[in-house]
Amino acid sequence: MAAQIWGSEKRARRRREISAKIAQMPELHDSKPLPFMTREEKIMESARKLTILTEKMGQIIDPTDPAELYHLNNEVLGLEGNPMALHGVMFIPALSAQASDEQQAKWLPRALRREIIGTYAQTELGHGTNLQNLETTATYDLATQEFVLHTPQITALKWWPGNLGKSSNYAVVVAHMIIKAKNYGPHPFMVQLRDEKTHEPLPGITIGDIGPKMAYNIVDNGFLGFNKYRIPRTNLLMRHTKVEADGTYIKPPHAKINYSAMVHVRAYMLTGQAIMLASALNIATRYSSVRRQGQIDKSQPEVKVLEYQTQQHRLFPSIARAYAFQFAGAETVKLYEHVLKEMKSGNVSLMADLHALTSGLKSVVTYQTGEGIEQARMACGGHGYSMASYISEIYGVAIGGCTYEGENMVMLLQLARYLVKSAALVKSGQSSKLGPLVAYLGVKSEPTSLIDRIPNSGFTEYVKTFQHVSKRQTLKAADMFFGLMEKGEKREIAWNKCSVELNRASRLHTRLFIVEAFVRRVNEIADIRIKEALTDLLHLHVNYELLDIASYALEDGFLSASQLDYIRDQVYLYLGKIRPNAVSLLDSWEFSDIELRSVLGRRDGNVYENLFKWAKSSPLNKTDVLSSVTQYLKPMMEKARL
Ligand SMILES: CCCCC/C=C\C/C=C\C/C=C\C/C=C\CCCC(=O)SCCNC(=O)CCNC(=O)[C@H](O)C(C)(C)COP(=O)(O)OP(=O)(O)OC[C@H]1O[C@@H](n2cnc3c(N)ncnc32)[C@H](O)[C@@H]1OP(=O)(O)O
Ligand SMILES: Cc1cc2nc3c(=O)[nH]c(=O)nc-3n(C[C@H](O)[C@H](O)[C@H](O)COP(=O)(O)OP(=O)(O)OC[C@H]3O[C@@H](n4cnc5c(N)ncnc54)[C@H](O)[C@@H]3O)c2cc1C
């Protein structure tokens with residue numbers, strides 16, 4: 001199963017080997033539990049481990065393999081981030097995709113050797129989503145052939161970029177490019193921020209940390225201001241766009257090609273989210289098979305809480321989602337790598353499809369991951385609320401994904417643009433022009449769903465039902481939009497008035513893609529035992545998801561009430577079938593105890609003893625009487641006794 005999850009036998013084996021090596025290297029382990037550290041201590045601890053990794057990485061992993069790097073990162077540095085988180089996730093990808101060959105030769109080897117640390121500085125205090133209204137300017141000075149970076153007012157301060165505050169000495173900075181008083185819109189520039197020897201900010205640069213956040217606090221998200229700060233013309237990333245010495249602007253082959261670093265993260269973060277969901281579920285499911293509370297049959301002993309149907313219903317559909325996200329994520333990364341290769345050589349024809357797909361997936365996956373992690377936390381009862389479970393930290397980090405890399409509602413609306421265009425093709429009889437991901441919009445469906453009507457139809461009737469629902473909502477929302485415009489409403493106003501319905505279409509389309517990715521994967525599996533276990537999980541997935549969106553299928557009578565009862569029964573049937581495999585389905589992800597960082601989710605199940613040990617190690621327990629008591633509470637009580 002690990003081979004299915006991680007993509008191949010070899011990958012699964014490599015993960016095990018890497019975990020085993022790390023287990024033997026105490027210098028790479030947390031020196032004490034992270035929840036007992038202050039933010040400064042965590043940052044220090046992370047930097048300590050990071051420098052050891054830079055020295056020894058080659059002995060543990062193949063540093064050119066992103067999957068091995070990611071695993072090493074999760075085990076050693078953990079999900080709360082590290083001082084170079086954005087260096088690998090955005091700085092290097094931005095340089096790789098947007099710098100010219102000559103620029104890459106100058107900067108990439110230095111970045112890869114970690115001679116310099118970089119980040120991606122785009123978002124500002126006043127604007128994150130609406131890139132067209134960013135306020136930082138890069139004005140071309142023809143006389144010196146330099147760009148002058150400037151922060152005209154407080155809202156133009158860069159705000160949020162990871163590792164910008166304290167760790168990075170370089171950044172890819174996005175600024176509006178102005179040449180001879182003409183604004184060419186946001187463009188990426190390579191900018192040195194700090195002196196390479198002293199790490200002091202360079203003159204003209206104001207920089208710092210934005211303060212503690214809901215989670216992800218090892219990362220120093222930062223602010224940055226420029227006071228007429230000059231950089232050479234050749235620091236504009238010039239793979240696709242060029243500015244010649246005389247100020248001549250050569251435009252890129254696609255207007256949004258400079259957005260590729262964002263698409264990179266959107267594509268890769270899906271499996272990152274799947275890992276966080278599976279981690280939280282692993283903790284909760286292991287604990288649920290240790291925790292005994294109450295009886296189902298009063299004549300019998302107390303049961304493991306995992307025997308309760310409500311507990312299964314809380315956890316198992318999310319187990320199915322974690323697998324589904326992992327499989328959909330693997331497909332998306334493959335597509336991204338393909339499009340990136342094409343894009344580098346100037347073929348931009350698939351960019352729109354990739355943008356639409358990743359925008360939808362990013363939104364649905366992060367939202368459902370957050371939901372699933374929070375349910376996992378509550379499924380642990382009181383101990384879920386303790387940092388000893390570590391689930392609240394996983395939640396805090398994962399939920400950030402709903403916001404970063406494009407706020408979810410906004411990204412759903414980006415997919416909706418693509419769906420509305422596709423709907424227009426269908427309506428004008430040009431269905432043959434539809435891309436493969438939306439081809440179903442042009443296919444006529446049966447009058448009613450055939451779920452439970454055709455024996456042995458596998459998952460086909462489920463997929464058709466998802467397709468019907470998604471198609472109907474897309475066409476309905478598009479009709480509403482076109483209708484408002486026909487009535488004379490301005491395009492943008494009409495769009496806003498339909499945007500809730502449009503986003504519903506985007507979610508349904510994305511959920512269909514996720515179901516189909518799961519089905520595609522299960523169909524490919526040769527090993528009969530693995531196929532059987534995943535088929536059970538897929539049954540749970542299609543029935544649970546369909547029940548969740550049933551109102552869309554009921555409103556036009558595509559599904560009947562009796563079919564809905566069948567679907568509900570199937571959910572309960574498969575909850576029971578999955579119960580014996582539940583812990584194994586999560587243990588198959590092979591997270592080590594080092595990586596999970598959870599007292600509650602330990603592999604050995606020795607929960608109570610270790611919780612007591614953990615509590616005793618709390619800094620508050622170093623002394624029996626705290627100074628808060630001697631200074632305030634004791635005098636208060638004494639005064640009251642007088
Ligand atoms: C195994 C290896 C693993 C490796 C590890 C990797 C990942 C690890 C996982 C987790 C990550 C962990 C840590 C990272 C943590 C944090 C990082 C966060 C970093 C950031 O947080 S970094 C800032 C991100 N900040 C945004 O995310 C801003 C969102 N805001 C936008 O993105 C734009 O503002 C938008 C798109 C809303 C509007 O932009 P706009 O105003 O310019 O355009 P407009 O709406 O007018 O659209 C005109 C036409 O452009 C098309 N279009 C747009 N974008 C396109 C694209 N990319 N490609 C192709 N076409 C595109 C449209 O589809 C439309 O097409 P049409 O007209 O045909 O419909
Ligand atoms: C943990 C974390 C890490 C980050 N790392 C980086 C980084 O490394 N580099 C970087 O540059 N940035 C980074 N960011 C910033 C992040 O990319 C932005 O916060 C994000 O893009 C959302 O933009 P915003 O904050 O402007 O939200 P806003 O756009 O102000 O969102 C507020 C509300 O307005 C709604 N809204 C906005 N526009 C529309 C619209 N057109 N239609 C409908 N509704 C709309 C949203 O849906 C939301 O409900 C990070 C953020 C976080 C939380």
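Cut-offs applied
- Residues numbered from 1 in each chain as written.
- Chains lettered and ligands numbered in written order.
- Predicted model: local features only at pLDDT ≥ 70, side-chain atom pairs only at ≥ 80, totals over all residues.
- Heavy atoms only, no water.
- Near = heavy atom within 4 Å.
- Polar contact = N/O pair within 3.5 Å; in protein donor to acceptor, adjacent residues only side chain to side chain.
- Areas by Shrake-Rupley, 256 points an atom, 1.4 Å probe, with all protein chains shown as cover.
- Helix = DSSP H or I, 4+ residues; strand = E, 2+ residues; numbered from the N terminus.
- Nonpolar A, V, L, I, M, F, W, Y, C, P; charged D, E, K, R; others polar.
- Patch = residues over 30% accessible without salt bridge, like charges linked within 9 Å, V, L, I, M, F, W, Y side chains within 5 Å.
- Salt bridge = Lys/Arg side-chain N within 4 Å of Asp/Glu carboxyl O.
- Lys, Arg positive; Asp, Glu negative; His and termini not counted.
- Charge placed at Lys NZ, Arg CZ, Asp CG, Glu CD.
- Buried < 20%, exposed > 50% of the residue type's maximum accessible area, 1.4 Å probe, protein only.
- Contact = heavy atoms within 4.5 Å.
- Core = buried A, V, L, I, M, F, W, Y, C linked by side-chain atoms within 4.5 Å.
- Domains from an automatic or database assignment.
- Buried area = accessible area lost by both parts, 1.4 Å probe.
- Pairing = 2+ DSSP bridges.
- UniProt positions renumbered as here; feature names shortened; annotations may be inferred.
- Phe/Tyr/Trp six-rings, centres within 6.5 Å; stacked < 30°, edge-to-face > 60°.
- Lys NZ or Arg CZ within 6 Å of the ring centre and 35° of its normal.

Trainee: Break down the site of ligand 1 for me, citing the residues and quoting the values.
Mentor: Contacts to ligand 1 come from 29 residues, most closely from Thr129, Gln132, Tyr259, Arg417 and Lys421. In this structure, Gln132 approaches ligand 1 through a side-chain N or O atom, which is 2.7 Å from an oxygen atom. With the chains in place, 82% of the 1,400 Å² that ligand 1 exposes on its own is no longer accessible. Every element with two or more residues in the shell around ligand 1 is listed here: α4 (66-77), α7 (260-288), α9 (351-378) and α12 (408-427). Ranked by residue count, the leading element in the shell around ligand 1 is α7, at five residues. Along the lines of polarity and charge, the residues of the shell around ligand 1 split into 15 nonpolar, nine polar and five charged.

Trainee: Give me the lowdown on a positive patch on the surface, citing residues and values where you can.
Mentor: A contiguous patch of positive charge on the surface is contributed by Lys256, Arg417, Lys421 and Arg491. Tracing the chain through its elements places Lys421 in helix α12.

Trainee: I'd like to hear about the side chain of Gln104, residue by residue, with values.
Mentor: On the secondary structure map, Gln104 appears in helix α6 (residues 101-112). Classification of Gln104 by relative accessible area gives buried; the value is 16%. Side-chain polar atoms of Gln104 contact the backbone oxygen of Ala99, separated by 3.1 Å. In this view, Gln104 contacts Leu95, Ser96, Ala97, Ala99, Pro109 and Arg239; residues no more than four positions away in its chain are not counted.

Trainee: How would you sum up the nonpolar core? Please name residues and give values.
Mentor: Counting residues in hydrophobic clusters, the biggest one holds 102 residues, and the most contacted among them are Phe316, Tyr323, Phe518, Leu534, Leu537 and Trp589. When residues are assigned to domains, this core turns out to be shared by domain 1 (2-82) and domain 3 (259-425 + 467-585), each giving three or more. The contact partners of Phe518, leaving out residues within four places of it in the chain, are Ala320, Tyr323, Ala324, Phe327, Leu534, Leu537, Leu538 and His541.

Trainee: I'd like a description of the site of ligand 2, backed by residues and values.
Mentor: Tyr120, Thr123, Gly128, Thr129 and Glu407 are the nearest of the 18 residues found near ligand 2. In the model, a nitrogen atom of ligand 2 is placed 2.6 Å from a nitrogen or oxygen of the Thr123 side chain. A distance of 3.0 Å separates an oxygen atom of ligand 2 from a polar atom in the backbone of Gly162. Protein contacts shield 63% of the accessible area of ligand 2, which totals 970 Å² for the unbound molecule. Among the elements that take part in the shell around ligand 2, α12 stands out by supplying three residues, more than any other. Its residues assigned to classes, the shell around ligand 2 shows eight nonpolar, eight polar and two charged. Counting the residues that make up the shell around ligand 2, at least three belong to each of domain 2 (116-252) and domain 3 (259-425 + 467-585).

Trainee: Could you give an account of the domain arrangement of the chain, naming the residues involved and the relevant values?
Mentor: Its domain assignment divides the chain into domain 1 (2-82), domain 2 (116-252) and domain 3 (259-425 + 467-585). Counting residues at the interface gives ten residues for domain 2, matched by twelve residues for domain 3. For the pair domain 2 and domain 3, the summed buried surface comes to about 830 Å²; carbon and sulfur atoms form 71% of the total. Together, Thr129, Met214 and Ala215 form the three largest contributors to the area buried by domain 2 at its contact with domain 3, with a combined 38%. Where domain 2 packs against domain 3, one counts zero salt bridges. Taken together, domain 2 and domain 3 are joined by one residue pair in polar contact (both at pLDDT 80 or more). Residues of the side of domain 2 that touches domain 3, tallied by class, amount to five nonpolar, four polar and one charged.

Trainee: Describe a nonpolar patch on the surface, naming the residues involved and giving the relevant values.
Mentor: Together, Tyr632, Leu633, Met636 and Met637 line one region of the surface with nonpolar side chains, adding up to about 430 Å² of accessible area. By secondary structure assignment, the location of Leu633 is in helix α22 (residues 627-641).

Trainee: Please provide a residue-by-residue account of the pairing of strand β6 (residues 182-192), values included.
Mentor: Bridge analysis of strand β5 (residues 170-179) against β6 gives nine bridges, and the strand direction is antiparallel. Its bridge partner lying in β6, Val173 is registered against Phe189. Where β5 hands over to β6, the hairpin turn is made up of two residues, of which Lys180 adopts a positive phi near 45 degrees.

Trainee: Tell me about the UniProt feature "active site" (unreviewed entry) in the chain, and please be specific about residues and values.
Mentor: Taken from the UniProt record, the annotation "active site" (unreviewed entry) applies to Glu405. Along the polypeptide, Glu405 turns up in the loop between α11 (391-399) and α12. Judged by its relative accessible area of 11%, Glu405 is buried. If we ignore the near neighbours within four places in the chain, the residues touching Glu405 are Met90, Met262, Val265, Arg266, Met269, Lys362 and Met411.

Trainee: Help me get a handle on the packing of aromatic side chains, residues and values and all.
Mentor: Counted by the stated rule, this structure contains 14 aromatic pairs. An aromatic cluster of at least three residues, connected via ring pairs, comprises Trp6, Tyr323, Phe327, Phe518, Trp589 and Phe591. The ring centre of Phe513 lies 5.6 Å from the NZ or CZ of Arg520, which sits over that ring.

Trainee: Which residues make up the UniProt feature "binding site: FAD" (unreviewed entry) in the chain, and what are the values?
Mentor: Within the UniProt annotation, "binding site: FAD" (unreviewed entry) is assigned to Thr123 and Gly162. A compact arrangement is adopted by the annotated residues: their sequence extent is 40 residues, whereas the largest C-alpha distance between any two is 10.5 Å. On the secondary structure map, Gly162 appears in the loop between β4 (158-159) and β5. On the basis of relative accessibility, which here comes to 6%, the residue Gly162 falls in the buried class. If sequence neighbours within four positions are ignored, Gly162 has contacts with Leu86, Thr119, Val219, Asp220 and Asn221.

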